[in-house]
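# Coordinate analysis (summary)
Given next are the chains, with one letter for each unit.
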Amino acid sequence: MLKQLENILKNFNEKIKSVKNPTELEEVKKVYAGKESPLNEVLKSMKSAAVEEKKAVGVKANEVKTHIFGHINSLNEKFKHEELKKQLENEKVDLSMPGLNLKMGSKHPLNLVIEEISDIFTELGFDMVAGTEYETDDFCFQKLNLPIGHPARDMQDTFYIDNNTVLRTHCTNMTARMLTDLSKLGAKEKNLAAISFGNVYRRDDDDATHSHQFMQIDGFAVGKKISFANLKWILEYMCKRLFSENTEIRMRPSYFPFTEPSVEVDITCITCQGKGCKICKFTGWIEILGSGLIAPEVIELNGLDPKEVGGLAFGIGVERVAMLKYGIKNIRDFYENDIKFLNQFKFFGN
Ligand SMILES: [Zn+2]
């Protein structure tokens, strides 16, 4: 048996010398390290050998086995290493090749304004809600104190989908929806503050400052002790954050069907700092938004008790703010997706 083992070793050594690639190695492995290898045959026949011989053969067989497996493994490693080397050589980076010209996009100026205003109000504790642009007459008008036939509906020439459905003319539809939801909640304290934003549609004349589709941010807060002072503080804070610390606000009495009292809010002209220029028509002031305290009728129409709940509301034209903030003259620039126009906003808020 020892002789047999010597022969196996000799044959293996001769075979392994001629191995040149992994396929040939696999063949040798199959013959010398497989289940039916000559080594295994010898080990099987050991059962019938004498004890002394068993011992000597066992030691030798172990030596042969270690030798065979060791050689196969090291050759295997060598082939793997060569393969990897070849692969790395093929994938070598050519540093002389010209680089790719990656173009970075920029945020749209309207989105920049929305993000900025959302940040301000989120910090103040307002919720952000998404609304629907497709709205019932009920939530767009009736629950906001604009019954059918009300003359103020003319202020907002409306696109009707059918007799009862419109493309919303303001984001205030979400105020009606949330007040109605609040009335159904049955909570003891009726406190809620939220802003919604999105597209609104009106059949306004198209000119440089008006478009039939534009964006609004609408906000409201309701609670037991909401006052006009709260409204003034919130709007002043927002304008200072949005434009500059030196910005002052001025409130002028106005009319909106859903607020009482209602005010238009002006800010000191950001071009001339209030001194008077062409932009502000030499008044030093620029109109920026509409607001007021939510009318008791609106509170009632949405299922709440005006004796228990009061509220403030405001609506901001996103395009208007963006035009003032970035000095844009034509509202259509926002919708034409001219790369040259959009690229100017690369360094704002990105
Ligand atoms: Zn001015």
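Residues numbered from 1 in each chain as written. Predicted model: local features only at pLDDT ≥ 70, side-chain atom pairs only at ≥ 80, totals over all residues. Heavy atoms only, no water.

For an α-helix, the turn length of 3.6 residues means that residues three or four places apart are oriented alike. Taken residue by residue, helix H2 (residues 22-33) has Leu25, Val28 and Tyr32 as its buried positions. Down the axis of H2, the sector holding all buried residues measures 65°, keeping them to one side. Away from its buried face, by an angle of more than 90 degrees, H2 presents the exposed residues Thr23 and Lys30. As for H2, its buried residues are in contact with helix H1 (2-17), helix H3 (38-45) and helix H4 (51-90). (Buried < 20%, exposed > 50% of the residue type's maximum accessible area, 1.4 Å probe, protein only. Helix = DSSP H or I, 4+ residues; strand = E, 2+ residues; numbered from the N terminus. Arc of directions from axis to C-beta. Contact = heavy atoms within 4.5 Å.)

Taken together, Cys269 (SG), Cys272 (SG), Cys277 (SG) and Cys280 (SG) make up the full set of protein donors to the zinc ion, lying 2.2 to 2.3 Å away. Given four donor atoms and angles of 104 to 115° at the metal, the environment of the zinc ion is assigned as tetrahedral. (Donors = N, O, S within 2.8 Å, 3.2 Å for Na, K, Ca; no water. Tetrahedral: all angles 85-135°; square planar, octahedral: opposite > 155°, others 65-115°.)

Our focus in this paragraph is the nonpolar core. Ranked by internal contacts, the top residues of the largest apolar core, which has 47 residues, are Met238 and Phe314. Among the elements that line this core, the one with the most residues is helix H5 (residues 109-123), at seven residues. Beyond its immediate sequence surroundings of up to four residues, methionine 238 is in contact with Ile117, Ile120, Phe121, Leu289 and Ile316. In terms of nonpolar packing, the next biggest core, distinct from the first, is built from 25 residues, Val222, Ile294, Val298 and Leu304 among them. (Core = buried A, V, L, I, M, F, W, Y, C linked by side-chain atoms within 4.5 Å.)

Moving on, we get to the packing of H2 against H4. In helix packing, the relevant descriptors are the interaxial angle and the interaxial distance, both defined with respect to the helix axes. Relative to each other, H2 and H4 sit at 165°, their axes nearing to 11 Å. In terms of orientation, H2 and H4 fall into the roughly antiparallel class. Every pair of crossing elements has a handedness; the one defined by H2 and H4 is left-handed. Contacts between H2 and H4 pair Pro22, Leu25, Lys29, Tyr32 and Ala33 from the former with Ile68, Phe69, Ile72, Leu75, Asn76 and Phe79 from the latter. Broken down by class, the residue content of the contact of H2 with H4 amounts to nine nonpolar, one polar and one charged. (Axes fitted to C-alpha atoms, helices over the stretch in contact; angles between N-to-C directions. Parallel < 35°, antiparallel > 145°, perpendicular 65-115°, else oblique. Left-handed = near helix turned anticlockwise from the far one by under 90°. Nonpolar A, V, L, I, M, F, W, Y, C, P; charged D, E, K, R; others polar.)

Our next topic: the domain arrangement of the protein. Where interface size is given, it is often the accessible area lost as the parts come together that is meant. Domain annotation for the protein reports domain 1 (2-90) and domain 2 (109-343). Here domain 1 and domain 2 have C-alpha centroids that lie 84 Å from each other. (Domains from an automatic or database assignment.)

Read from one edge to the other, the open sheet built from seven strands follows the order S1-S5-S6-S10-S9-S8-S7, with strand pairing classed as mixed. Of all strands in the sheet, those with a lone pairing partner are strand S1 (127-130) and strand S7 (249-256), marking the two edges. The sheet shows a mean angle of 25° between the axes of neighbouring strands, taken without regard to direction. Of the pairings in the sheet, the one linking strand S8 (residues 259-268) to strand S9 (residues 285-294) comprises eight bridges and is antiparallel in character. Note that in S9 the partner of aspartate 266 across the bridge is glutamate 287. (Pairing = 2+ DSSP bridges.)

Attention now goes to the state of the cysteines. Enumeration over the complete set of coordinates arrives at zero disulfides. No disulfide involves cysteine 140; its sulfur sits 9.8 Å from the nearest other cysteine sulfur, which is in cysteine 171. (Disulfide = S-S within 2.5 Å.)

What follows deals with the packing of aromatic side chains. Considering all chains together, one arrives at nine aromatic pairs under this definition. Pairing phenylalanine 121 with phenylalanine 126 gives two aromatic rings, centres 5.0 Å apart and planes at 70°, and the pair type is edge-to-face. For phenylalanine 126, a relative accessible area of 7% translates into the label buried. Geometrically, the ring pair formed by phenylalanine 334 and phenylalanine 341 is edge-to-face, given 6.3 Å between the ring centres and 75° between the ring planes. For the pair phenylalanine 334 and phenylalanine 341, one class covers both residues: buried. Through a chain of ring-to-ring contacts, the aromatic side chains of Tyr326, Phe334, Tyr335, Phe341 and Phe345 assemble into a single cluster. Across the ring face of phenylalanine 139, the terminal group of arginine 177 is positioned such that the distance to the ring centre comes to 4.2 Å. (Phe/Tyr/Trp six-rings, centres within 6.5 Å; stacked < 30°, edge-to-face > 60°. Lys NZ or Arg CZ within 6 Å of the ring centre and 35° of its normal.)

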